[in-house]
Amino acid sequence: SQKIEQNSEALNIQEGKTATLTCNYTNYSPAYLQWYRQDPGRGPVFLLLIRENEKEKRKERLKVTFDTTLKQSLFHITASQPADSATYLCALVVSGYALNFGKGTSLLVTP
Amino acid sequence: DTAVSQTPKYLVTQMGNDKSIKCEQNLGHDTMYWYKQDSKKFLKIMFSYNNKELIINETVPNRFSPKSPDKAHLNLHINSLELGDSAVYFCASSPPGLSNSPLHFGNGTRLTVT
């Protein structure tokens, strides 16, 4: 079956360090992959989209990579700040017209 | 100037009741969605509407019925509520071209069935 898997463990890092989150998928070949941020009590907010022919995409302190051979995307936050603490979700079109999400990885950045 | 708004934010009700959640978007998008986020934070697609027509109906009980009076609104009606329906329900919208179109989410409706 088609799956989207993210680190189920919460990620705790120190302010200023780089956070790296992983998204793996199986039995699918998406043309695009998206990353979202979700804060408690709020809806997910779109961050970045990367296409299958793009190896890397950057936006300010955020960087996403997309390896279609490994079926994996990595999401990096450089110079992390406590305000970056949130749950980060990867998403892709798995079937039909639905954007399906991974379960998310909770990131905690401590001062 | 909220882009996607849902009401109510909280909904507490008893088993067996019928309830509705309303969603409106002012982004001019063609497609709207309902997602369910369970206690394990897993966000799962329920319905998708494109220009007032249903294009996805994932395996959800027929007690759930989406209704779209116009392109800017997608409401969710739930009949005979059950304990297992307790979750956070998110409405979202997107422009055409699903794969490369970001979804814009509302802030959710937390439904608690007692």
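Fair warning: this is a prediction, and the values are worked out from it, not measured in the lab.

(A) How the structure looks around the state of the cysteines. Within the structure shown, the criterion is met by 2 disulfides over all chains. Bridging A:Cys23 to A:Cys90, the disulfide has an S-S length of 2.0 Å. Looking along the S-S bond of the A:Cys23-A:Cys90 disulfide, the torsion reads about 60 degrees, which is the right-handed sense. A residue pair is termed long-range when its members are at least 10 positions apart, and A:Cys23 in strand 3 (residues 19-26) and A:Cys90 in strand 9 (residues 86-95) qualify at 67 residues. With a relative accessible area of 0%, A:Cys23 lands in the buried category. Note that B:Cys23 is cross-linked by a disulfide to B:Cys91, the S-S spacing being 1.8 Å.

(B) Region of interest: the environment of B:Ser48. All names here are of chain B. Note that Ser48 resides in strand 5 (residues 43-50). According to the relative accessible area criterion, Ser48 is buried, its value standing at 0%. Considering only alpha carbons, one finds Ser48 and Ser93, 45 residues apart in sequence, at a separation of 9.1 Å.

(C) Seen up close, the pattern of salt bridges. Residue and element names in this part refer to chain B. If you walk through the whole model with that rule in mind, you get 8 salt bridges over all chains. Taking the shortest distance from any N to any O, the salt bridge between Asp85 and Arg63 comes out at 2.8 Å. Remark: Arg63 occurs in the loop between strand 6 (53-57) and strand 7 (64-70) and Asp85 occurs in the loop between strand 8 (73-78) and strand 9 (87-94); sequence separation between them is 22 residues. The pair formed by Asp85 and Arg63 is uniform in burial state, with each residue classed as buried.

Reading guide: rules and limits
Residues numbered from 1 in each chain as written. Chains lettered and ligands numbered in written order. Predicted model: local features only at pLDDT ≥ 70, side-chain atom pairs only at ≥ 80, totals over all residues. Heavy atoms only, no water. Disulfide = S-S within 2.5 Å. Helix = DSSP H or I, 4+ residues; strand = E, 2+ residues; numbered from the N terminus. Buried < 20%, exposed > 50% of the residue type's maximum accessible area, 1.4 Å probe, protein only. Salt bridge = Lys/Arg side-chain N within 4 Å of Asp/Glu carboxyl O.

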